[in-house]
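Chain and residue survey
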Amino acid sequence: MNELITDTSATKMSEEKIMALSVLTEQSFFPEWKEKDGGMEIELMNNSAVCRKILLTNCSAGAELCGCNILGGTLSYSDTRKEYTLALETEEEGKYYLRFNDVVFTSSQCYNIVSTQHYHGNPWTYISHIAVLICAKANYAPDLLNQKEKEILPVLQELKQITVFDEDCKFEFPILLGMVDKHGYGKTKKYFEKVKTARIKEVAFAELTNVLSQIEYKPLWDEIFNNITESQKEYPPFPLKNNEHKKIIDAVMQKHGFSGTYPDYLKVSETKGIINENAYGVTYTIANEKNAVCRVHCQEYPIERNIAGISFLCGTAFLEEGAPAESADIYYCAFNSKGKTLLNTVEYFKGHNGNGDLATVAAIAAKRAERVKLTKAEKKYQRNYAPSFMSAFLPMFILGGGFFSIGFTLLSFIIVVITALATGENIGEFLKDIPWVFVVVFTWIGFGGAMGLITAISSRK
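Here we summarise the structure given alongside this text. (Residues numbered from 1 in each chain as written. Predicted model: local features only at pLDDT ≥ 70, side-chain atom pairs only at ≥ 80, totals over all residues. Heavy atoms only, no water.)

It is worth spelling out the pairing of strand E11 (residues 282–287) at this point. Sheet topology note: the strand E10 (residues 274–279)/E11 ladder contains six bridges and is antiparallel. When the bridges of E11 are listed, Ile 275 appears paired with Ile 286. If you look at the hairpin formed by E10 and E11, you'll find two residues sitting between the two strands, and Tyr 280 has a positive phi there, around 55°. (Pairing = 2+ DSSP bridges. Helix = DSSP H or I, 4+ residues; strand = E, 2+ residues; numbered from the N terminus.)

Turning our eyes to something else, we now look at the environment of Val 296. Looking at where Val 296 falls in the secondary structure, it is placed in strand E12 (residues 292–303). What makes Val 296 buried here is its relative accessible area of 1%. For the pair Val 296 and Asn 344, spaced 48 residues apart in the sequence, the C-alpha separation amounts to 9.8 Å. Sequence-distant contacts of Val 296, that is, excluding residues within four places in its chain, are made with Met 253, Phe 258, Pro 263, Asp 264, Tyr 265, Phe 312, Leu 313, Ala 365, Ala 366 and Ala 369. (Buried < 20%, exposed > 50% of the residue type's maximum accessible area, 1.4 Å probe, protein only. Contact = heavy atoms within 4.5 Å.)

A few words on the sheet that holds strand E7 (residues 94–100). Ordered by their spatial adjacency, four strands build an open sheet running E1-E5-E6-E7, and the pairing between neighbours is mixed. The open sheet is flanked by strand E1 (4–6) and E7, the only strands paired with a single partner. Adjacent strand axes in the sheet meet at a mean angle of 20°, parallel and antiparallel pairs treated alike. Where strand E6 (residues 83–90) meets E7, seven bridges bridge the pair, whose relative direction is antiparallel. Paired with Ala 87 across the bridge in E7 is Tyr 97. (Axes fitted to C-alpha atoms, helices over the stretch in contact; angles between N-to-C directions.)

The subject of this paragraph is a negative patch on the surface. A surface patch of like charges, here negative, comprises Glu 64, Glu 91, Glu 92 and Glu 93. Residue Glu 64 is classed as partly exposed on the basis of its relative accessible area of 41%. (Patch = residues over 30% accessible without salt bridge, like charges linked within 9 Å, V, L, I, M, F, W, Y side chains within 5 Å. Areas by Shrake-Rupley, 256 points an atom, 1.4 Å probe, with all protein chains shown as cover. Salt bridge = Lys/Arg side-chain N within 4 Å of Asp/Glu carboxyl O. Lys, Arg positive; Asp, Glu negative; His and termini not counted. Charge placed at Lys NZ, Arg CZ, Asp CG, Glu CD.)

A word on the nonpolar core. The biggest cluster of nonpolar side chains holds 46 residues, and the ones touching the most others in it are Trp 124, Tyr 126, Ile 127, Leu 156, Leu 159 and Ile 228. Of all the secondary-structure elements, those providing two or more residues to this core are helix H2 (113–116), helix H3 (123–140), helix H4 (147–159), helix H5 (174–183), helix H6 (189–197), helix H7 (201–212) and helix H8 (218–232). Counting residues per element, this core draws most heavily on H3, at nine residues. Setting aside residues up to four positions removed in sequence, Ile 127 forms contacts with Leu 159, Trp 221, Ile 224, Phe 225 and Ile 228. Among the nonpolar cores identified, the runner-up in size contains 32 residues, and Ile 42, Cys 59, Ile 70 and Leu 86 belong to it. (Core = buried A, V, L, I, M, F, W, Y, C linked by side-chain atoms within 4.5 Å.)

What follows covers the packing of H6 against H7. For any two helices packed against each other, one specifies the crossing angle of their axes together with the interaxial distance. Orientation of H6 relative to H7, taken along the N-to-C sense of each, is 170°, at an axis distance of 8 Å. Comparing the axis directions of H6 and H7 gives the class roughly antiparallel. Where H6 abuts H7, its residues Tyr 191, Phe 192, Lys 194, Val 195, Lys 196 and Thr 197 lie against Lys 201, Ala 204, Phe 205, Glu 207, Leu 208, Val 211 and Leu 212. Each residue belonging to the contact of H6 with H7 can be placed in one class, and the counts come to eight nonpolar, one polar and four charged. (Parallel < 35°, antiparallel > 145°, perpendicular 65-115°, else oblique. Nonpolar A, V, L, I, M, F, W, Y, C, P; charged D, E, K, R; others polar.)

This part is about helix H9 (residues 244–255). Each α-helix turn comprises 3.6 residues. Residues three or four places apart therefore point the same way. Taking 1.5 Å of rise per residue, the twelve residues of H9 would be expected to cover 16 Å, and the 17 Å separating its terminal C-alpha atoms lies within 8% of that figure. Among the residues making up H9, those that are buried are His 245, Ile 249, Asp 250, Val 252 and Met 253. (Expected span 1.5 Å × (residues − 1).)

A separate point is the side chain of Asn 344. Mapping Asn 344 onto the fold places it in strand E14 (residues 341–348). A distance of 3.4 Å separates a polar atom in the side chain of Asn 344 from a polar atom in the side chain of Arg 368. Within polar-contact distance, the side chain of Asn 344 engages the side chain of Arg 371 at 2.4 Å. Setting aside its immediate chain neighbours within four residues, Asn 344 contacts Glu 277, Phe 312, Leu 313, Cys 314, Arg 368 and Arg 371. (Polar contact = N/O pair within 3.5 Å; in protein donor to acceptor, adjacent residues only side chain to side chain.)

Moving on, we come to unusual backbone geometry. Across residues other than glycine, the phi torsion is negative in most instances, and most of the peptide bonds are trans. With an omega of 15°, the peptide bond running from Tyr 262 to Pro 263 counts as cis. Along the polypeptide, Pro 263 turns up in the loop between H9 and strand E9 (264–269). We note that Asp 37 has phi near 50°; this positive angle belongs to a residue other than glycine. A relative accessible area of 70% means that Asp 37 is categorised as exposed.

As structure tokens, this is what we get:
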């Protein structure tokens, strides 16, 4: 991260203004700016939750600065000239000096982060990323937090630890553990304890979030997510340049039998034939489901202030006959229920795909939610953005095959020892007669290879 160094001479500037300048230096490129009232007005994209404009009063800069790679900056103040200096390290221009009298906030706008935060990972990593952005907003612009955000900020501070590992973080979860107790999920506490003592935090958090992503723990997630959603209601969604994409997606979804309007669509159908789908690293075979609730939810997210893209969340829940579709929203589909819920994402990037591909992407999303076959053109498009065969095959082959092989070999070893003791045979001689290398290699390749192939083929469908 491009750090802003604040000289002791500049400490008289308010912390909020220094934080705004640090946002400026942390950006990869110097943003667009315009001359205003003899100063320099700069638009700061703190994150997709908040955007502010600042005016560096009595300041001028050359057009060559716009778009320069920022490597860092130093802020200082001169009592003699009564002005601040922001010395920027840029890749193209070397040192570039911005001299100004003060920092003035000319406008501030908050956006609904729930409507724009890109879903990935599992439900808990998703809301942890939302927590990171709101916590960053609290850091950059605490005056812009509404009352509900202030109330949930403590639990968001705990949630963000899933994604951000601060050096001074103690990994304490008093609020989350209190909520766990309230919901009667005491058996999950040991996974929180593992996080506190684990040397590799990423692995411990992955285990924790995978456990909490089991469908039985959704009420805990719902409580937190609903509080976050409520805190964002007063903010508008991030502004996009036009709404033509909504009309195109509506038309495609209606064509495929989905009801609803952008951004949410629903269809209740039956599965046809035998389907193999991957959920939480396990491939499930699905057939003859009579009450398949198929949902598509569209999330728009910005990249560099433009319409970055649309993420189509394609969810399917196989419910008991007669169960209402309302009992399974799109996030219900994201939880692990051993093949009874499935969630995939299909991505559309306007800048990369062009407008002409949107209908194709929407059709793919509809079919992924309904779990039906794609056309050749759709498969070709999907393959361009799907994981490669080897990237899907190798993890299951190495990890799945390895764990199975080790477990099978240990079990075989125990059985051999018990058999030798029971028959009075020499244990050492008994063990020598077993081709252990063959057992390890055969089970590893046999199980890992089969599961790797199934997973790779399923992920590329």
